[in-house]
Amino acid sequence: MMGATMQETEICEKLKDMMDEERYVHSLGVRDCAVMLAERYGADVDKARLAGLLHDCAKGLPRQEMISKALEAEIELGAEEFQNEALLHGPAGAVIARQVFGVEDPEILSAIECHTTGKRDMALLDKIIYLADYIEPNRDFPGVEDLRQAAMDDLDKAVLMALRRTIKYVLDTDRFLHPRTVEAWNDMLKRYKGKN
């Protein structure tokens, strides 16, 4: 799995140089949470581990560099992304994961790219990284325990809960709601209602 990709110890050393201590600790938490969810829902544990570890690898980059990385990857950037680094670091992270860490696996790159906004037709790994980022052990906010419990019972339900929370937060703080997040919500809700 990690052929051309660096070994984990090397990845960790590099990440320590690229981000502050808090972000690094968060990345380890997401890695471990992603592994747990992958084991629970039958996803590839190695892919989940690597995607979780690298999901925020672009977070410390200057805004202009994030923009150029995303454009380099021919990722279409709307006004929302240009105005918000929080939305930009996912697409830029997928580029950094490939260029700096040698990740070529499309599933891993997709999970890194959409871990903040979600997207339509999220694959199993996409959902796992999206959720792991939300509920990793260092996260502490009202309702996080309910989300953690839901994540153990029903992955799709937990992703919907996280999306709802994100959308509500974005609306309450008068920020741009990314079109991908709306698409993720509608798509997940349709699937969830379809199976229940």
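Right above here is the structure, for reference.
Residues numbered from 1 in each chain as written. Predicted model: local features only at pLDDT ≥ 70, side-chain atom pairs only at ≥ 80, totals over all residues. Heavy atoms only, no water.

Thoughts on the layout of surface pockets
Let me state the cut-off plainly: Cavity and pocket criteria rest on a 1 Å grid covering protein atoms alone: a 1.4 Å probe that fits but cannot get out defines a cavity, protein on both sides within 12 Å along at least 5 of 7 lines defines an open pocket, and an atom within 4 Å of a point defines a lining residue. Grid points are joined across faces, edges and corners, and a volume is the space filled by probe spheres set on the points. Helix and strand assignments follow DSSP, with helices taken as H or I runs no shorter than four residues and strands as E runs no shorter than two, numbered in order from the N terminus. Polar here means any residue other than Ala, Val, Leu, Ile, Met, Phe, Trp, Tyr, Cys and Pro, which are nonpolar, and Asp, Glu, Lys and Arg, which are charged; Gly is therefore polar.
The space that makes up the largest pocket amounts to roughly 910 Å³. Lining the largest pocket are 31 residues, and of these Ala86, Thr116, Tyr134, Arg139 and Tyr169 lie nearest its centre. Mapped by element, the contributors of at least two residues to the lining of the largest pocket are helix H2 (21–41), helix H5 (79–83), helix H6 (85–99), helix H8 (124–135) and helix H10 (155–172). Counting residues per element, the lining of the largest pocket draws most heavily on H10, which supplies four residues. Per-class residue counts for the lining of the largest pocket are nine nonpolar, eleven polar and eleven charged.

A word on the environment of Ala92
Stated formally: We call two residues in contact when some of their heavy atoms are within 4.5 Å.
Take Ala92: it is sitting in helix H6. Along the chain, Ala92 and Glu183 lie 91 residues apart, while their C-alpha atoms are 21 Å from each other. Ignoring any residue separated from it by four or fewer positions in sequence, one finds Ala92 in contact with Ala58, Met66, Lys69 and Ala70.

Notes on the state of the cysteines
What counts here: Any cysteine sulfur atom paired with another within 2.5 Å is treated as part of a disulfide. For every residue, the accessible area obtained with a 1.4 Å probe (protein chains only) is divided by the maximum for its type, and the residue is called buried under 20%, exposed over 50%, and partly exposed between those limits.
Going through the model one piece at a time under the given rule, you end up with zero disulfides. Free of any disulfide, Cys33 has its nearest neighbouring cysteine sulfur in Cys114, separated by 16 Å. Judged by its relative accessible area of 6%, Cys33 falls in the buried class. No disulfide involves Cys57; its sulfur sits 13 Å from that of Cys12, the nearest cysteine.

Brief notes about the side chain of Asp105
The condition is simple: The term polar contact refers here to a pair of N or O atoms within 3.5 Å; inside protein, the definition further demands a hydrogen-donor-capable atom paired with an acceptor-capable atom, and it admits residues adjacent in sequence only when both atoms are side-chain atoms.
Along the chain, Asp105 turns up in the loop between H6 and helix H7 (106–113). A polar side-chain atom of Asp105 sits 3.0 Å from a polar atom in the side chain of Lys47.

Overview of the nonpolar core
To keep it simple, the criterion reads: Here, the term nonpolar core denotes a set of buried Ala, Val, Leu, Ile, Met, Phe, Trp, Tyr and Cys residues that are joined through side-chain atoms within 4.5 Å.
Ranked by internal contacts, the top residues of the largest apolar core, which has 61 residues, are Ile11, Leu15, Leu54, Phe101, Val103, Ile128 and Leu131. For this core, the element with the most residues is H8, which contributes eight residues. In this structure, Leu54 is in contact with Ile11, Leu15, Ala97, Phe101, Val103 and Ile112, ignoring residues within four places of it in sequence.

Regarding the packing of H8 against helix H9 (residues 144–153)
So the rule is basically this: In this analysis an axis means a line fitted to C-alpha atoms, helices contributing only their contacting stretch, and an angle means the value between N-to-C directions, from 0 to 180 degrees. With the far helix as reference, a near helix turned anticlockwise by less than a right angle produces a left-handed crossing, and one turned clockwise produces a right-handed crossing.
Contact geometry for H8 and H9: axes closest at 10 Å, N-to-C directions at 145°. In this structure, H8 meets H9 at a crossing whose hand is left-handed. Facing H8, whose interface residues are Leu131, Tyr134 and Ile135, H9 presents Val144, Leu147, Arg148 and Ala151. Looking at the contact of H8 with H9, its residues break down into six nonpolar, no polar and one charged.

A look at the packing of aromatic side chains
This is how the line gets drawn: To pair, rings of Phe, Tyr and Trp, with the six-membered ring standing in for Trp, must have centres within 6.5 Å; the planes then decide the type, stacked if under 30 degrees apart, edge-to-face if over 60, and tilted in the middle. Ring-over charges, as used throughout, are those where CZ of Arg or NZ of Lys falls within 6 Å of the ring centre and within 35 degrees of the ring normal.
Considering all chains together, one arrives at two aromatic pairs under this definition. Between Tyr130 and Tyr134, the ring centres sit 6.1 Å apart and the planes meet at 35°, which makes this aromatic pair tilted. On the criterion of helical spacing, the pair formed by Tyr130 and Tyr134 is a turn pair, its members being four residues apart in helix H8. The two residues Tyr130 and Tyr134 agree in class, both being buried. Ring geometry for Tyr134 versus Phe141: centroids 5.8 Å apart, planes at 85°, classification edge-to-face. The pair formed by Tyr134 and Phe141 is uniform in burial state, with each residue classed as buried. Taken together, the ring pairs in this structure connect Tyr130, Tyr134 and Phe141 into an aromatic cluster. Just above the ring of Tyr41 sits the side chain of Arg40; from NZ or CZ to the centre is 5.7 Å.

Fair warning: the whole summary comes from geometry, so function is off the table for now.
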